[in-house]
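What follows is the residue order along each chain.
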Amino acid sequence: MSRPTYFKRLLKFLRRKGRSHEDAEDLIQEAMLRLHLYGQAVPVVNEEAFLRQAVNNLSIDQHRRDRPDLRKEVPIEEIDAHSPLIAPESTPEDTLEAQQRLGRIRSVLDAVSLRTREIYFAHRAGYSYAEIAEHMNISHITIKRHIARALLAIMEHGDRDNDGTPNRAAE
């Protein structure tokens, strides 16, 4: 199979995408093979456009194959060694106190709104504003407003004792 007249343009296209000369030639060769096989069943009107799209897709596929797998499994022991999952100095009393604090925050946020509570706890669990907004089908600014409303309610509640009287220690 001889090189088409637009071979140099395809080579330049792939070189701009960061491919080496050899990789670019291999990708073009693979695309030309696909064109040949596809052209046996269906006539191709614009071969250059077909090849350009094919080399682009092949380049993306090669990049994905070459990059390290970001979703590889990591043993829990390795994670725990870098960042302990359970604080070693945590006592049962600390755990109970944290659970009670969370319960108070939950009841404060229930008084504000259930949606505000859900958004606040989702953010505290590590989800980004964008992830929460996408999941709840609301805007990014709405997430910010709910978080601000939750923090304001928590701060206002922190200035009061459990019975609702002003907390003198906070003054």
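Residues numbered from 1 in each chain as written. Predicted model: local features only at pLDDT ≥ 70, side-chain atom pairs only at ≥ 80, totals over all residues. Heavy atoms only, no water.

(A) Layout of the environment of Glu118. With respect to the secondary-structure elements, Glu118 resides in helix H6 (residues 114-124). With 28 residues separating them along the chain, Glu118 and His146 place their C-alpha atoms 9.4 Å apart. (Helix = DSSP H or I, 4+ residues; strand = E, 2+ residues; numbered from the N terminus.)

(B) Region of interest: the packing of helix H1 (residues 7-16) against helix H3 (residues 47-66). Running from N to C, H1 and H3 point in directions that differ by 25°, and their axes come no closer than 11 Å. One way to sum up the angle between H1 and H3 is to call them roughly parallel. Judged by the sense of rotation from one axis to the other, the crossing of H1 with H3 is right-handed. Two secondary-structure elements touch here, H1 through Arg9, Leu10, Phe13, Leu14 and Arg16 and H3 through Glu48, Leu51, Arg52, Val55, Asn56 and Ser59. (Axes fitted to C-alpha atoms, helices over the stretch in contact; angles between N-to-C directions. Parallel < 35°, antiparallel > 145°, perpendicular 65-115°, else oblique. Left-handed = near helix turned anticlockwise from the far one by under 90°. Contact = heavy atoms within 4.5 Å.)

(C) Here's a closer look at the nonpolar core. With 16 residues, the main nonpolar core has Leu10, Leu11, Leu14, Ile28, Ala31, Leu51 and Val55 as its most contacted residues. Contributions of two or more residues to this core are made by H1, helix H2 (21-41) and H3. Here this core gets six residues from one element, more than from any other, and that element is H2. Beyond its immediate chain neighbours, meaning those up to four positions away, Leu51 contacts Tyr6, Leu10, Ala31, Met32 and Leu35. (Core = buried A, V, L, I, M, F, W, Y, C linked by side-chain atoms within 4.5 Å. Buried < 20%, exposed > 50% of the residue type's maximum accessible area, 1.4 Å probe, protein only.)

Just geometry here; none of it tells us what the structure is for.
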